[in-house]
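Commentary on secondary and tertiary structure
These are the residues of each chain, in order.
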Amino acid sequence: PSLPHSSRPPPSPCLPHSSRPSSSPTGSHVEWCKQLIAATISSQISSVPADTASGDCKPPRDGTKQVQTDEVPLVPGEAIKAVAKDVMYICPFTGLVTGTLTSTNYKLYFISLERDTPFILDVNLGAISRLETISVQSHGENTRGMEIVCKDMRSPRFAYKEDASQPEIVEVLAKHTFPLSNDLPLFAFLYKEEFPVDGWKVYDPMAEYKRQGLPNESWTISKMNSNYEVCDTYPALVVIPTSIEDDDLKRVVAFRARHRIPVLSWIHPESQATIVRSSQPLVGPSDRRCKEDERYLQTIMDANAQSHKLTIFDARQSSMADNNKAKDGGYESESFYPNVELNFLEIPNIHVMRESLRKLKEVVYPSIDEAHWHSAVDQTHWLEYIRLLLTGAVRIADKLESGKTSVMVHCSDGWDRTTQLTSLAMLMLDSHYRTLRGFQVLLEKEWISFGHKFAARVGHGDENHANSERSPLFIQFIDCVWQMNRQFPAAFEFNELFLITILDHLYSCLFGTFLYDSEQERVAKEVQTKTVSLWSYINSQPEDFTNPFYVDYEHHVLYPLASVRHLELWTGYYVRWNPRMRPQMPVHQNLKELLFLRAELQRKVEELEREASSSRGSLSSSSEHTSSPSHSGGTPLHTIV
Amino acid sequence: MLSSLGSAAGKSAKPSFVSYVTPEEIKSEKEPSRKEKHPDLLPGEVVFCSASTVLKYTQDDLSQRGVFGALLCTNFRVSFVSDEAPTEEMVRTAVTLNNGQFDRSLHRYEDKKKLITGGLVKNKYPSKIIIHCKDLRVFQFSLTFAKEEDAKKIFQGIVHHCLEPKSLRCLFAFSYCENTSYPEGIGNDSTLCFSPPEVQRKKQTVMFDSVEDWTQDMKRTKGNCRVVSENSNFELSPKLPQLFIVPTNVSDEDLTKYQGKGLPMWCWSHHSGCGLFKTASIPLVQEDNVFCRMLTAVAHNHLYSVKTEDLSDTLPTVQDIQLSYNKFKQFFLIDNTTEFWMSDMKWFSSLDNCGWLDIIRQCLQKAVEVVECLEKENTNVLIMGKDQLFEEGCILFDKGWPHILCPDILFDIYIFFTLLENVCPTMTLVTEVNSPYQPVPYTLYPHTPSLTVCLSWQAESPYTQRGPLNCLTVWDWSVQFDCKAQDLFTNPLYTEKPKQDTSVRKSYRPKHLRQLSLPSSAFKTPPKKGFFKDEADNLKKILGVKRLSRWMLSPSSDSPQTSSSVREFYEAWQTKPLDYHGLLLPCLDGPSIRVWMQRYLRWIHDVQILGGGPVAVLSKISEILGEVQELQRELDRYGCTLTSNHKGARPRAKTAAVIAARSSVRLSSSFPFVTSRNWSFKPAIPTSLLQSLMVTGMAGNLANREDDGGDPESLV
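Described in the following lines is the structure provided in the data block. From a predicted model like this one, the values you see are computed outputs, not experimental measurements.

The rules we used
Residues numbered from 1 in each chain as written. Chains lettered and ligands numbered in written order. Predicted model: local features only at pLDDT ≥ 70, side-chain atom pairs only at ≥ 80, totals over all residues. Heavy atoms only, no water. Helix = DSSP H or I, 4+ residues; strand = E, 2+ residues; numbered from the N terminus. Contact = heavy atoms within 4.5 Å. Areas by Shrake-Rupley, 256 points an atom, 1.4 Å probe, with all protein chains shown as cover. Buried < 20%, exposed > 50% of the residue type's maximum accessible area, 1.4 Å probe, protein only. Polar contact = N/O pair within 3.5 Å; in protein donor to acceptor, adjacent residues only side chain to side chain. Core = buried A, V, L, I, M, F, W, Y, C linked by side-chain atoms within 4.5 Å. Pairing = 2+ DSSP bridges. Axes fitted to C-alpha atoms, helices over the stretch in contact; angles between N-to-C directions.

Now for the overall build of chain B. Tallying secondary structure elements over chain B gives 30 helices and 14 strands in all. Put simply, of all contacts in chain B between residues at least 6 apart along the chain, 73% involve residues at least 24 apart. Accessible surface, chain B: about 27900 Å² in total, of which carbon and sulfur atoms supply 54%.

On to the side chain of D430(A). Residues and elements named next belong to chain A. Along the chain, the position of D430 falls in the loop between α10 (417–429) and α11 (436–449). Since its relative accessible area comes to 10%, D430 is described here as buried. A distance of 2.8 Å separates a polar atom in the side chain of D430 from a polar atom in the side chain of R211. At 3.0 Å, the side chain of D430 forms a polar contact with the backbone nitrogen of H432. Here D430 is in contact with R211 and W266, once residues within four sequence places are set aside.

All names here are of chain A. Membership of the largest hydrophobic core comes to 189 residues, with the highest contact counts inside it found for F439, F474 and Y574. With 12 residues, the single largest contributor to this core is helix α9 (residues 382–401). Residues within four places of F439 in sequence aside, it is in contact with L427, H432, Y433, F477, I478, V481, F494, F498, L499 and I502. By size, the runner-up hydrophobic cluster in this structure holds 38 residues, among which are I221, V230, Y234 and I267.

Residues and elements named next belong to chain B. As summarised here, the arrangement of the 4 strands in space is β11-β12-β14-β13, forming an open sheet in which the pairing is mixed. The sheet is open, and its two edges are formed by β11 (265–269) and β13 (306–310), each paired on a single side. Going from strand to strand, the sheet's axes swing by 25 degrees on average, the running direction of each strand aside. In terms of strand pairing, β11 meets strand β12 (residues 275–279) through 4 bridges, oriented antiparallel. Note that in β12 the partner of M265 across the bridge is K278. Sitting on the sheet, helix α15 (residues 356–377) is in contact with β11, β12, β13 and β14 (380–384), with an inclination near 175 degrees to β13.

In structure tokens:
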């Protein structure tokens, strides 16, 4: 039996943080020329084999195959669209490499055979935020530079000679990178891979609510939205209080922004305290009231006999919530809603988060200012926001667990910060969500079905990189999960590779999982029949994504420590393109070897027991197979995790 | 903080895990009845003064919790014995006082905090005292309820014995060893250790106090130098150790002529034959020829090549380090919760400002540079420090380096942290490295190999054996910790070197050659600087001007901090398969250098992750190891073996494994320093963070934009 080495790097990644409309994206000619020259020099003196330097992303299934020629590995349904030879890749880490650049309808693939080991750079087109070209006169005739700004924290740069006979590769690239802007289908609809497991079956809302003990006397699974007629961004099935009259419900629907009424997300198995999510109430500048909405919240409160209070966590900054009043939004007034306690979690909006990640990219790519590393990271405020989110989620979880009080969470529309908070709190409270399958359910439920606008936030296949709708909220959430994973290394069944893979395929458009903004849209586009689910891929090889340290914490509530002292920048994701950031000591690897050794020993012991019981014959024959997996000599050093 | 610490001590079913305060705690807990409030005194320990009805309290935002008891000051420590029944809430704290080595300072609370530095206390005494320990614990006592006379006495006693400089002879180590007979002293404490004698012997630390030890170490590394024993009575120089090793070409005349000044002392030999040497001081100008002679001697060691590294030029000064550490330390001396969350806001900037991590990085980088010389260019290296203190630093380094290269040690970045941690104590009080009772050694973090590194460092200290007395060494862990606790020192993932020693040895060399034949090396590194005797002057000039790192600067170097050569060296190393028993290099890039949380945050209650932290992983590993061992035993019964280099094969990892696995879910990230009382608790929720965040909310106009995307209609 061969040891799982997890040598498969995850397919490639990216994120839309391209909100810099004012600044020149590619930099000046001077900068380009300088970089070219510098790279030329350094490529002469540096010959470090950079085989995996740029986190090549092989297609999921055949990750173990080693590419020896400049042949482009293709996934089923992928086709080569353009090839350009003698392209120079200006690698910020190892200098200039010359090779062949291929554009398929799924990825950009650069391979150079001029070094000892093939140099491969592989970028999913979906990960590309924008393409820029620039002509570089100083470096020979007709040289052009191309910068590929990615959503996944890198910006590879190429230089190539203009050739009239060849179609401009940039045009081909642009066409397939932004299919929606060019009337082409997203690649997920062309992908023809077949997996033994059907990931679309992972999430069954009825089964999930049943697991939570629903419906019960206070809560019912309602089909009122089965055709998305009540709320077009909610799922077909929602859980609402049993004792609500239809007429009252209509009033509540009208009183909540985008008709996102308070619905149940999670119920505590013992106290029956619930996490309820919604959008903001349409209070407006005149402090409108809605008796039905007030009663609705009272019903939610009454469904939990343990507490006579309901806590509302408004994720927004209180000042912004006030501003929203002027725009007909607002928040629940404690004087109109009896026994309601309102807290603001003071989390800034999506634009602030986008800006923060943009700054973070500047800090981590391509080079790192090590002397001022901490202050540079500090100035991006990224970890500060992570801390805010974790703090908010801890407060919610604590309210339920220790306060036995039901909690309602909303922001403005209830699909961004609300989703982050409810899903994090559920992750803390419910150990089921910390399993490989459970986490998939959590994402399918809280994020995908409840209408987090993935298409808008990520900008799948859309060339408008400056769209202010884009924001890295999902990244932020996954980062929080990673932070929890770090603080509780044995509490999660999945590993870091799983989280990175999710983020990579958030952009890749290889799978249909994260496409579109709502369940309604996905049904209309027949996503489940025409595309493959990411979970099909994951669950076909779960061992790669499993945390060897996993211990079932059963019903333990996990409170991550929301102190900056315990938060850390996720270098395994944000700085992974930097070859020096690869981990030195793969502890996971060691443990996997140990597990392997244990299995081997167990096998042997059983074998011997069998032999001993059947006959006392050939004892020695079984000891020939003494593979020593614990010898780490030949294992690859730099797995992604 | 304290009460939780103490109560854990009182309640824990496995008292050994709370024993890290001092070993006495173990014993006291095993004693069911306690009548007089006295800690169990060590042999030679004397109570100077005491006060009863002292309130020991912790302060957080809302409340002050406290417990009454007696505060004692002995010639060894400050100790607090709780009034309450041992089973209930017995809080005992012991702070070792060693001429100020462990009590850093005393603060006095009146209206304002006042720093007590010693000497300025007359007849007054404060109502509250806060003790900041060198191991970063903070204790708060209220003397309000104590008798005035007692309070005055205990306060003055503590100040006197902790803070005022005393002669070396007053150190407790001397009283202690006068009253214990080594090594039988271990046996006296029957509670402490019950491991079989052969385990004990096997672990015995080489103390480098005999010619054999030195010869042995030289043989181990295949060095070829001479052991000097002429200084055994400090006749050559009181500043030099009794025994040391110099290149063979250093003559007897050289030794005596300059009282040992500028002598290159051998530290370690690379398997290629080149060696690492250090010298305490750069000779003055008139002694130029000495320097040349010594250089020549070093060069003769291997291939007539030598590089010098002047640490005083390239590393931060002692003062810088101390300044930085003092700033850094303050981040962890936290009095209350509010203060904690306030400082949390500025955490990263504070870290950068104090420069501590940068100092660590610089030192690591220097180490890598020297390793590069030895490993890649096979050049002898001579490290020079300007003054005596620096020499301490040197010792530190060069005893650390061998272990980077040394096949016996599993590398972990913490090695370096520990090394650097030790710079500071070294700087502040060089003389007292051999106290038998460091209550919580810096190295206590379990399973870090750092231990071994420190080990050799301390053993090498020139002061070790100066006195006529044989003090106990800190390496006799059994004096402090029982066997269970000692098991925590080992890393369960450590894999021992494969048994077939010779074949492995051989496999190293090809690797080494391969490295040399890297096509890059011709480009990246200057040609080998070889020289012969008559070229000494010439070389001297070069050496005097150019430093090692400058030679290596390549034209493409874009970062002034890390020379590109070091980076390439690292990257080249990185692309090769990792051999735990071969060369191990640390990553020097910004994100890789982190604060050693286990050490610095262990006493701070607010940062404990209950049920989390590295111990969770550890226990899982231990659990599996235990199973593997069990299976292996079963196989043994069948008379066949499956070869495994895993340390799991060692029987002694078992205890730790079982213990840790049993309780993994309930341990906190501060384990084993603090054990949590129970699982259910209130999560730590930052206070006052919201307001401060509002202020930091940069991107002002962004924050005020319509959030959540605004109206879909308005989008392009």
